Amino acid sequence: MSVRLPDQPITSRPAGAPGAPGTPPASRRAVRRPGRVGWEVAGLGGIARPRVLGVLAVVLAFAVAGLVASVSIGEFPIPAGDVFRALTGTGGADATLIVRELRLPRALTGLLVGFAFGLAGALMQAVTRNPLASPDLIGISAGASTGGVAAILIGGVTAAGAGSYASVPLGALVGALVAAGVIYTMAFRDGTITGFRFVLVGIGVQGALGALTSWLLARADINEASRAMVWLTGSLNGRGFEHARWAGLALLVTLPVVLALIRPYQLLQYGDDTARALGLPVDRARVALLLASVVLAGVATAAAGPIGFVALAAPQIARRLTGTANLPLLTSGCVGAALMLGADLAARLVLAPLELPVGVVTGAVGAPYLMWLLTRANRIGRAG
Amino acid sequence: MLFAAVALACLASVLLGAKNVPPGEALRALTGDRSGDALLVAELRFPRTLLGLLVGIALGVAGTLAQELTRNPLGDPGLLGVSAGAALSVATSIGVFGLTSPYQYVWFAFIGAALAGALVYAIGGAARASARSGGASPVKLALAGAAITALLMSLTHALVLLDVRTLDQYRFWAVGSLAGRDGALALQLAPFVLAALLLTAIIVPRMNALALGDDLAGSLGVRVGVTRLLGAVAVVLLTGAAVAAAGPVTFVGLVVPHLVRPFTGPDLRWLLPGAGLAGAALLLGADALGRLLDHPGEVPAGVVTAMIGAPFLIMLVKRGRIREQTR
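Reading the values: the criteria
Residues numbered from 1 in each chain as written. Chains lettered and ligands numbered in written order. Predicted model: local features only at pLDDT ≥ 70, side-chain atom pairs only at ≥ 80, totals over all residues. Heavy atoms only, no water. Helix = DSSP H or I, 4+ residues; strand = E, 2+ residues; numbered from the N terminus. Buried < 20%, exposed > 50% of the residue type's maximum accessible area, 1.4 Å probe, protein only. Contact = heavy atoms within 4.5 Å. Areas by Shrake-Rupley, 256 points an atom, 1.4 Å probe, with all protein chains shown as cover. Core = buried A, V, L, I, M, F, W, Y, C linked by side-chain atoms within 4.5 Å. Patch = residues over 30% accessible without salt bridge, like charges linked within 9 Å, V, L, I, M, F, W, Y side chains within 5 Å. Salt bridge = Lys/Arg side-chain N within 4 Å of Asp/Glu carboxyl O. Axes fitted to C-alpha atoms, helices over the stretch in contact; angles between N-to-C directions. Parallel < 35°, antiparallel > 145°, perpendicular 65-115°, else oblique. Left-handed = near helix turned anticlockwise from the far one by under 90°. Nonpolar A, V, L, I, M, F, W, Y, C, P; charged D, E, K, R; others polar. pLDDT = per-residue confidence, 0-100.

Peer 1: I tried to follow the overall build of chain B on my own but got confused; where do I start?
Peer 2: Within chain B, the secondary structure is distributed over 13 helices and zero strands. Listed by position from the N terminus, the elements making up chain B come as α-α-α-α-α-α-α-α-α-α-α-α-α. Within the span of chain B, comprising 327 residues, buried residues form 57% of the whole. Of all intrachain contacts in chain B linking residues separated by at least 6 positions in sequence, the fraction that spans at least 24 positions is 77%. In the form shown here, chain B has an accessible surface area of approximately 12,700 Å², with 71% of it arising from carbon and sulfur atoms.

Right, here's the structure in full:
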């Protein structure tokens, strides 16, 4: 595990240790409920500590700035002030149309999708205790891809078209859940499941699903195949309010569940034995957290396609920013949102007026990071 | 027994298809007759079977070598990202250089496989250098492979998206199939496979020594680094040729060594030939099965092997053959 002793969260001390209330970084909250200092502080994702709070605020500001920039920058530039006026209904007709109908839905979708990917990645990495295990690498996104592509090709509908919006996300969500279910049941042995077996089985399932997807693509009509390909790469182009609403609704439902699960989330990161010793029903907690992660990843994929690397990178970036030993949950989500909006902006601007799918940009940016992570993980013998 | 399996698979590959051919007709084709079904057999089925043999042997041997080299039960060129490297390279050749025939993008598949192989090898090497206790753990290596695959595929997607024509060609290559290839392709690739097999034959005794561990092998007079490098070259040549011919067919290299090892034991002098034959039998069988499943169309061999291989991998994991630590 990590060696950042100074930043070790209080959770590393046994919960309810006598005399704990007075310990240095413990906050007002800790004092209020003395018996449960250990996880109550960590229960808010370490929010009580100034650095974590500060980082969260800064990242949130970045995400909001990304949102504003995403709405105001484009072929028809709209100053931030006009954006605000357009939203309140006092701006010009053109600006109002562009902001309300085109750019805001897209930016909002990006924000929500990024947030969902960030959360999903943090959950998955925490449960498997592996910084390389993210939904896009171990079969969840592959399941969503296969489901979505099947919906596009069999349903013969367009990925971005509003009318088709019901079938593609449904296919993606079902695909993600089925893949996760298969992976989970297959990785189950001796009444338990280990992170590493989960990852390995996930990779196997991903291989099979990848073959299935490419077979579907090869069978299809070329026009439909190219539409499916755009969706497969991950794009925010042409996303309307219905996409944002769907993703927002799903987040609204999942987020409280995830926050309620934050204690198991924190404890599982210390290892199964420690978590069990601290009184956590490990298996149930793991299923719940994985399910939450899969739903989040599935919803995000449904809205924007299987965009790679955001779920992988966001939690790690967030952890390095906050300097905690555990992966900070909310910060991961916000980092994901900021990453997504930044990548989308880059995708629109780099080759303007031509527009790249955002998945290409996250791929190109995520690649060097991944290489670094891999060599580093090997060097210090982590990531296993 | 393996020979019998290969023969059976060859027979199935020749006889089954959109038009099932009775064995008598196939015999007539062998004796030089060129009428009716015999023509079909001679012109289409024989070359396809030949190619399947070649690719299957290459994949089986490459998988075994990779597993020995990495000391990792998951060493499969497909899982490790080598196929993805070839895929990216092929997409580049179609999209950027406008190549249209498989004869031309064969070379690009080679280059791509070699580059990706070098990358994986470097990462694996770094892992070995760090973990003195012998090799990167299977999980780490598999994840590294999955990560590299994800990365290369996203670049491939970008290329393919820019041009519909590229997508149209690429998607048929990417699925991994023996369909629509002819004998000339097999002839073109055969020298590489043969050279790699020869190289493998030369280093087999040293590889056997290597299996005892680097230190022991070194004290037996084997130059560890050179042997590893030669083995890696053989893997890249074999994988490159196979991928170039049939597209990214995954899981054959993974499954075969595990199937054969119980019968031959760990001695590579028996294991490698066995794996080659089993690879050929598996691929031809998968190809024939694919033609049966979706009669009169066909399910590409790459899809069939993945459908067989993934459950197999899962079974390996479940049985606990693959542990968090290498052996």
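Having seen the model, we can carry on.
Peer 1: Honestly, the overall build of chain A in this entry has me stumped. Any pointers?
Peer 2: Scanning chain A from N- to C-terminus turns up 16 helices and zero strands. Within the span of chain A, comprising 384 residues, buried residues form 59% of the whole. Taking the contacts inside chain A whose residues are at least 6 apart along the sequence as the reference set, 73% of them involve residues at least 24 apart.

Peer 1: Mind showing me how you'd approach the environment of Pro357(A) here?
Peer 2: Tracing the backbone shows Pro357(A) in the loop between helix H15 (329–349) and helix H16 (358–379). Spatially, the C-alpha atoms of Pro357(A) and Ala61(A) are 25 Å apart, while their sequence positions differ by 296 residues. Setting aside chain neighbours within four positions, we find Pro357(A) in contact with Thr233(A), Gly234(A), Ser235(A), Ala347(A) and Leu161(B).

Peer 1: Can you walk me through the nonpolar core in this structure?
Peer 2: Side chains of a nonpolar character, in soluble globular proteins, are inclined to be buried together. Counting residues in hydrophobic clusters, the biggest one holds 183 residues, and the most contacted among them are Tyr265(A), Trp173(B) and Leu189(B). Among the elements that take part in this core, helix H5 (residues 93–128) of chain A stands out by supplying 18 residues, more than any other. Not counting the four nearest positions on each side in its chain, Leu189(B) is found in contact with Leu54(B), Val106(B), Phe110(B), Ala241(B), Ala244(B) and Ala245(B).

Peer 1: Please clarify how a nonpolar patch on the surface should be interpreted in this entry.
Peer 2: Together, Leu170(A), Val174(A), Val178(A), Val182(A) and Met186(A) make up a nonpolar patch on the protein surface, roughly 400 Å² of accessible area in all. Residue classification places Val174(A) among the partly exposed residues on the basis of a relative accessible area of 45%.

Peer 1: What is the right way to look at the pattern of salt bridges in this model?
Peer 2: Think of it this way: side chains of opposite charge can pair up when their charged atoms draw near. Residues and elements named next belong to chain A. Inspection of every chain in the model, using the stated rule, returns four salt bridges over all chains. Between Asp344 and Arg106 there is a salt bridge, with the nearest N and O atoms lying 2.8 Å from each other. Residue Asp344 is found in helix H15, and its partner Arg106 is found in helix H5; the two are separated by 238 residues along the sequence. According to the relative accessible area criterion, Asp344 is buried, its value standing at 1%. Residue class for Arg106 comes out buried when judged on its relative accessible area of 7%. A salt bridge links Asp283 to Arg286; the nearest nitrogen and oxygen atoms lie 3.0 Å apart. Of the two residues, Asp283 and Arg286 are both situated in helix H13 (residues 282–304); the distance of three residues between them amounts to about one turn of the helix.

Peer 1: Can you walk me through the packing of helix H7 (residues 167–187) of chain A against H13(A) in this structure?
Peer 2: Two numbers describe a pair of packed helices, the interaxial angle and the distance between the axes. Residue and element names in this part refer to chain A. The N-to-C vectors of H7 and H13 enclose an angle of 150°; their axes lie 8 Å apart at closest approach. In terms of orientation, H7 and H13 fall into the roughly antiparallel class. Classified by chirality, the crossing of H13 by H7 is right-handed. Of the residues in H13, those touching H7 at Pro169, Ala172, Leu173, Ala176, Leu177, Ala180 and Tyr184 are Asp283, Val287, Leu290, Leu291, Val294, Val295, Gly298, Val299 and Ala302. Here the contact of H7 with H13 is composed, by residue class, of 14 nonpolar, one polar and one charged.

Peer 1: I keep staring at the packing of H5(A) against helix H10 (residues 241–260) of chain A and nothing clicks. Help me out?
Peer 2: Residue and element names in this part refer to chain A. Put simply, H5 and H10 touch, their axes get as near as 9 Å, and they point 30° apart. With respect to their mutual orientation, H5 and H10 come out roughly parallel. Taken as a pair, H5 and H10 cross one another with a handedness that is left-handed. The residues of H10 that touch H5, namely those facing Arg100, Leu104, Pro105, Leu108, Thr109, Leu112, Phe115, Ala116, Leu119 and Leu123, are Phe241, His243, Ala244, Ala247, Gly248, Leu251, Leu255 and Val258. A class-by-class count of the residues in the contact of H5 with H10 yields 14 nonpolar, three polar and one charged.

Peer 1: Looking at this structure, I do not really get the confidence of the model for chain A. What am I missing?
Peer 2: It should be kept in mind that the predicted coordinates are not to be read in detail where pLDDT is low. Residue and element names in this part refer to chain A. In the predicted model, chain A carries a mean pLDDT of 74, and the fraction of residues at 70 or more is 77%. For residues 157–164, every residue scores under 50 in pLDDT, and the model assigns this stretch 18 contacts once sequence neighbours within four places are set aside. Counted against residues more than four places away or in other chains, residues 378–384, with its pLDDT under 50, gives 20 contacts.

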